[in-house]
Amino acid sequence: MPDEISLLPNPDQDVQFMRLALREAEAAFEEDEIPVGAVVVWQNQIIGRGHNQRERLNDPTAHAEMIALTAAAAHQGTWRLHDCTMFVTLEPCPMCTGALVLARISRLVFGASDPKAGACGSLFAIHDDPRLNHRIPVTSGVLESPCADLLRDFFAARRIE
């Protein structure tokens, strides 16, 4: 049974964990990957982390969220991630949002919106589709500026090259 109190939004904790997701995004930037980072939190502990590694792994599914989900599921010993919160620097795409729904993530917190591929309100609302068997409460805009700035800096540098 989910611990409802621990899953309620806590702005201070949201910022703390988003900063850790930003560190993951910075690692992606340093590896010349699109700078998106994610952490999965259970009982105020990080149980999964990841950053984009599509280029490094030659894997179109190697998004930050997918890597963090896989690590969290391994940590928990189950694919059902009840009582877990995902923190990610960019609004998840349809693939990642679908994986979050399938994993039964209890809450999602993201930084910057993605008007071109976001599936948690920008382009689609997969997280809240009543036809699916699970819905995810979402908090958006946590550390939005630093999350968006990192992406903007990455793509600006790519255009110069």
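Residues numbered from 1 in each chain as written. Predicted model: local features only at pLDDT ≥ 70, side-chain atom pairs only at ≥ 80, totals over all residues. Heavy atoms only, no water.

Student: Before we move on, can you summarise the overall build of the chain with the specific residues and values?
Tutor: Assigned secondary structure in the chain consists of five helices and five strands. In the chain, the succession of α and β elements from N to C terminus is α-β-β-α-α-β-α-β-β-α. Taking 161 residues into account, the globule formula puts the C-alpha radius of gyration at 15 Å, and the chain, at 15 Å, falls close to it. Counting only C-alpha atoms, the chain reaches 50 × 30 × 30 Å along its principal axes. Evaluated residue by residue, the chain yields a buried proportion of 45% over its 161 residues. (Helix = DSSP H or I, 4+ residues; strand = E, 2+ residues; numbered from the N terminus. Rg over C-alpha atoms; globule rule 2.2 N^0.38 Å. Buried < 20%, exposed > 50% of the residue type's maximum accessible area, 1.4 Å probe, protein only.)

Student: An account of the environment of Ala21 is needed here, citing residue identities and associated values.
Tutor: As for its placement among the helices and strands, Ala21 is situated in helix 1 (residues 11–30). Residues Ala21 and Cys96, spaced 75 residues apart in sequence, show a C-alpha to C-alpha distance of 16 Å. Ignoring any residue separated from it by four or fewer positions in sequence, one finds Ala21 in contact with Gly37, Ala38, Val39, Phe87 and Thr89. (Contact = heavy atoms within 4.5 Å.)

Student: Run through the packing of helix 3 (residues 64–76) against helix 4 (residues 94–102), naming residues and quoting values.
Tutor: Following both chains from N to C, one finds helix 3 and helix 4 inclined at 20 degrees, their axes separated by 9 Å at the closest point. As judged from the angle between their axes, helix 3 and helix 4 are roughly parallel. You can see that helix 3 and helix 4 cross each other, and the crossing is left-handed. Between helix 3 and helix 4, the contacting residues are Glu65, Met66 and Leu69 on the first element and Met95, Cys96, Ala99 and Leu100 on the second. The residue inventory of the contact of helix 3 with helix 4, partitioned by class, reads six nonpolar, no polar and one charged. (Axes fitted to C-alpha atoms, helices over the stretch in contact; angles between N-to-C directions. Parallel < 35°, antiparallel > 145°, perpendicular 65-115°, else oblique. Left-handed = near helix turned anticlockwise from the far one by under 90°. Nonpolar A, V, L, I, M, F, W, Y, C, P; charged D, E, K, R; others polar.)

Student: Would you mind going over the pattern of salt bridges in detail, with residue names and values included?
Tutor: With the rule as written, the count across this model stands at five salt bridges. A salt bridge links Arg107 to Asp14; the nearest nitrogen and oxygen atoms lie 2.7 Å apart. Of the two residues, Arg107 is situated in strand 4 (residues 107–112) and Asp14 in helix 1; the sequence distance between them amounts to 93 residues. For Asp14, a relative accessible area of 4% gives the class buried. Notably, a salt bridge pairs Glu24 with Arg49, separated by 3.5 Å at the nearest N-O pair. (Salt bridge = Lys/Arg side-chain N within 4 Å of Asp/Glu carboxyl O.)

Student: Break down the pairing of strand 1 (residues 37–42) for me, with residues and values.
Tutor: Counting buried positions over the six residues of strand 1 gives five, a clear majority of the element. The pairing of strand 1 with strand 2 (residues 45–51) spans six bridges and is antiparallel. By the bridge assignment, Gly37 is partnered in strand 2 with His51. Hairpin connection between strand 1 and strand 2: a loop of two residues separates the two successive antiparallel strands, and Gln43 in this loop has a positive phi of roughly 50 degrees. (Pairing = 2+ DSSP bridges.)

Student: Give a detailed account of the packing of aromatic side chains, specifying residues and quantitative values.
Tutor: In the structure shown here, the tally under the stated rule is three aromatic pairs. Arranged with centres 5.3 Å apart and planes meeting at 40 degrees, the rings of Phe17 and Phe87 form a pair that is tilted. Note that Phe17 is positioned in helix 1 and Phe87 in strand 3 (residues 84–90), a separation of 70 residues in sequence. Between Phe154 and Phe155 the ring centres are 5.1 Å apart and the planes differ by 85 degrees, which places this aromatic pair in the edge-to-face class. A relative accessible area of 34% means that Phe155 is categorised as partly exposed. Through successive ring pairs, a cluster of aromatic residues spans Phe29, Phe154 and Phe155. (Phe/Tyr/Trp six-rings, centres within 6.5 Å; stacked < 30°, edge-to-face > 60°.)

Student: Outline the nonpolar core, supporting the account with residue identities and numerical values.
Tutor: Counting 38 residues, the largest nonpolar core has Val40, Leu69, Met86, Ile105 and Leu108 as the members making the most contacts within it. Where this core is concerned, the elements lending two or more residues are helix 1, strand 1, helix 3, strand 3, helix 4, strand 4 and helix 5 (144–160). Counting residues per element, this core draws most heavily on helix 1, which supplies six residues. In this structure Leu108 touches Met86, Val88, Pro92, Leu100, Cys120, Ile136, Pro137, Val138 and Thr139, once residues within four positions along its chain are discounted. (Core = buried A, V, L, I, M, F, W, Y, C linked by side-chain atoms within 4.5 Å.)

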